[in-house]
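So you can see what is in the structure, the chains are spelled out below.
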Amino acid sequence: MKILGIESSCDESAAALAEMNGQKVRILSNVVSSQVEIHKKYGGVVPEVAAREHVVNILPVINEALGIADFQHNHLRPSIDAIAITVGPGLITSLMAGVETAKVLSYAWKIPLVAINHIEGHVYANFIEVEQDDDCKTKNNDNNELYRIIQKREDLRFPAIVLTVSGGHTMLVLMEGHGKYQTIGETRDDAAGEAFDKAAKLLGVGYPGGPVIASEAEKYSGIDGKMPNIILPRPMLDSKDFDFSFSGLKTAIRYQIEKDQEYRLRIPEYCHEFQQSVIDVLIAKTIKAAIRYNVKTIMLSGGVSANKELRRQMASKVELKFPDIIFRVPELRYTTDNAAMIAVAGCYKALRGEFTEWRDLRVNCNLKL
Ligand code: KG4
Ligand code: ZN
């Protein structure tokens, strides 16, 4: 089964082709047109600008993913079995650009549609077959230890706990099987990625916040046995539930830099402490949920799961303390928004026969998992 995935929920116009053989899913093409450079100057995504960019980019991106640059001229029907399309959650006008395109293609080509929840897509980034030339290895983006863990694809067993951390969401999801989700905790205010973006803005280090904070944090060389200068809270670390709260962390940074005349000289230390604070809370709550629900697998997903320290610290915690639990993280290229994850989620949904008529396909910017 071959599925075209289309994603346009925020500021990436993306299309990808996935092929499913048995339970194995390979990615045949993965094209992402990012608008990050456009939104950078505003310090965040401007919805109206994002939607206009999607309208311009979505067809060329689909063309490229299908590998037939002139398909709109000869009206060839590509040899795919379904089109998987993100219908929400996300920015309404951005979502509409992808959804309307998918509807037209479905009608013109007579190819069925599979409606995908964007968060479900992030989860399914963990189900993509790892290729030998995985970027973790070739570009040395992850250490070898992580690469070995990432390679253990065959082993995934349910129930699983999935920590989904992105710019728009922070959730702990109990996954009892394919398509079976229960949200057991979520953020009460800012998402983890949003917290990274806001902290970066306060510190004046750039956009998007996650990657810049991570690279500044890497420059921090430790405190040589002295007391740290900067101590931030670990919000809701000891709360009895599985919820998160990150907005207080941003306020804590603001208070600290207001008092600190020389904060610009200590950016790596601020970034290091901020990142570690988020990681401590994410890991503690995920492990607590894993124990409470007696899971067999822990997975990370979403843009923040690109964070190398989060990946590394979670991997070593699980390996050391819970050797019977399988740990999975998506390859780096499938952590932030892409259409490969949408195509893969589409494969599993198509397998269950869950198609939507083009007439009935609706955007839902507040779609729940
Ligand atoms: O999943 P994603 O691409 O889009 C949403 O669905 O929101 O996630 C984007 C978020 C941004 O907030 C970005 O700052 C964060 O993921 N992010 C990171 C890293 N790379 C991206 N956060 C922490 N560390 C990173 N390396
Ligand atoms: Zn996303």
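As a reminder, the structure under discussion sits directly above these lines.
Before going into details, it helps to say that this report is about the structure given with it. This one's a predicted model, so the numbers in the text were calculated from it and none came from an experiment.

### Some points on the coordination of the zinc ion (ligand 2)
In step 1: Donor atoms from the polypeptide that bind the zinc ion (ligand 2) are H118 (NE2), H122 (NE2) and D337 (OD), placed at 2.0 to 2.1 Å.
In step 2: In the primary sequence, the donor residues of the zinc ion (ligand 2) line up as H-x3-H-x214-D. Residue H118 and its partner H122 are located together in helix α5 (residues 118–124), separated by four residues, close to a single helical turn.
In step 3: On the basis of relative accessible area, H118 is assigned to the buried category, the value being 6%.

### Concerning the packing of helix α11 (residues 267–292) against helix α12 (residues 308–321)
In step 1: Between α11 and α12, whose axes approach to 10 Å, the crossing angle comes to 35 degrees. The two elements α11 and α12 meet at a crossing, and its hand is right-handed. Across from Q275, Q276, I279, L282, I283, T286 and I287 in α11, the residues of α12 making contact are E309, L310, Q313, M314, K317 and V318.
In step 2: Tallied by class, residues from the contact of α11 with α12 come to seven nonpolar, four polar and two charged.

### Notes on the packing of aromatic side chains
In step 1: Per the counting criterion, the structure on display carries eight aromatic pairs.
In step 2: Centroid distance Y263 to Y270: 6.4 Å. Interplanar angle 85 degrees. Geometry classified as edge-to-face. The residues Y263 and Y270 share a single accessibility class, namely buried.
In step 3: Among the aromatic residues, those joined into a ring-pair cluster are Y124, F127 and Y348.
In step 4: Across the ring face of F242, the terminal group of K288 is positioned such that the distance to the ring centre comes to 5.3 Å.

### Points about the site of ligand 1
In step 1: Around ligand 1 sit 18 residues, and of these G167, D197, G210, N307 and D337 come closest.
In step 2: G167 places a main-chain nitrogen or oxygen 2.8 Å from an oxygen atom of ligand 1.
In step 3: Residue G168 places a main-chain N or O atom 3.2 Å away from an oxygen atom belonging to ligand 1.
In step 4: Relative to its unbound accessible surface of 560 Å², ligand 1 loses 88% to contact with the protein.
In step 5: Elements represented by at least two residues in the shell around ligand 1 include exactly α5, α8 (192–203) and α9 (209–219).
In step 6: Of the residues contributing to the shell around ligand 1, the split by class is five nonpolar, eleven polar and two charged.
In step 7: Residues lining the shell around ligand 1 come from more than one domain, with at least three contributed by each of domain 1 (2–124 + 335–360) and domain 2 (140–330).

### Some points on helix α13 (residues 340–351)
In step 1: Taking 1.5 Å as the rise per residue, α13 with twelve residues should run 16 Å; its terminal C-alpha atoms sit 17 Å apart, in good agreement.
In step 2: Burial runs high along α13: eleven of the twelve residues are buried.
In step 3: Along α13, the residues classified as buried are A340, M341, I342, A343, V344, A345, G346, C347, Y348, K349 and A350.
In step 4: For α13, the elements touching its buried residues are β1 (2–7), β2 (12–21), β3 (24–34), β4 (82–88), β5 (113–117) and α5.

Calculation rules
- Residues numbered from 1 in each chain as written.
- Chains lettered and ligands numbered in written order.
- Predicted model: local features only at pLDDT ≥ 70, side-chain atom pairs only at ≥ 80, totals over all residues.
- Heavy atoms only, no water.
- Donors = N, O, S within 2.8 Å, 3.2 Å for Na, K, Ca; no water.
- Helix = DSSP H or I, 4+ residues; strand = E, 2+ residues; numbered from the N terminus.
- Buried < 20%, exposed > 50% of the residue type's maximum accessible area, 1.4 Å probe, protein only.
- Axes fitted to C-alpha atoms, helices over the stretch in contact; angles between N-to-C directions.
- Left-handed = near helix turned anticlockwise from the far one by under 90°.
- Contact = heavy atoms within 4.5 Å.
- Nonpolar A, V, L, I, M, F, W, Y, C, P; charged D, E, K, R; others polar.
- Phe/Tyr/Trp six-rings, centres within 6.5 Å; stacked < 30°, edge-to-face > 60°.
- Lys NZ or Arg CZ within 6 Å of the ring centre and 35° of its normal.
- Near = heavy atom within 4 Å.
- Polar contact = N/O pair within 3.5 Å; in protein donor to acceptor, adjacent residues only side chain to side chain.
- Areas by Shrake-Rupley, 256 points an atom, 1.4 Å probe, with all protein chains shown as cover.
- Domains from an automatic or database assignment.
- Expected span 1.5 Å × (residues − 1).

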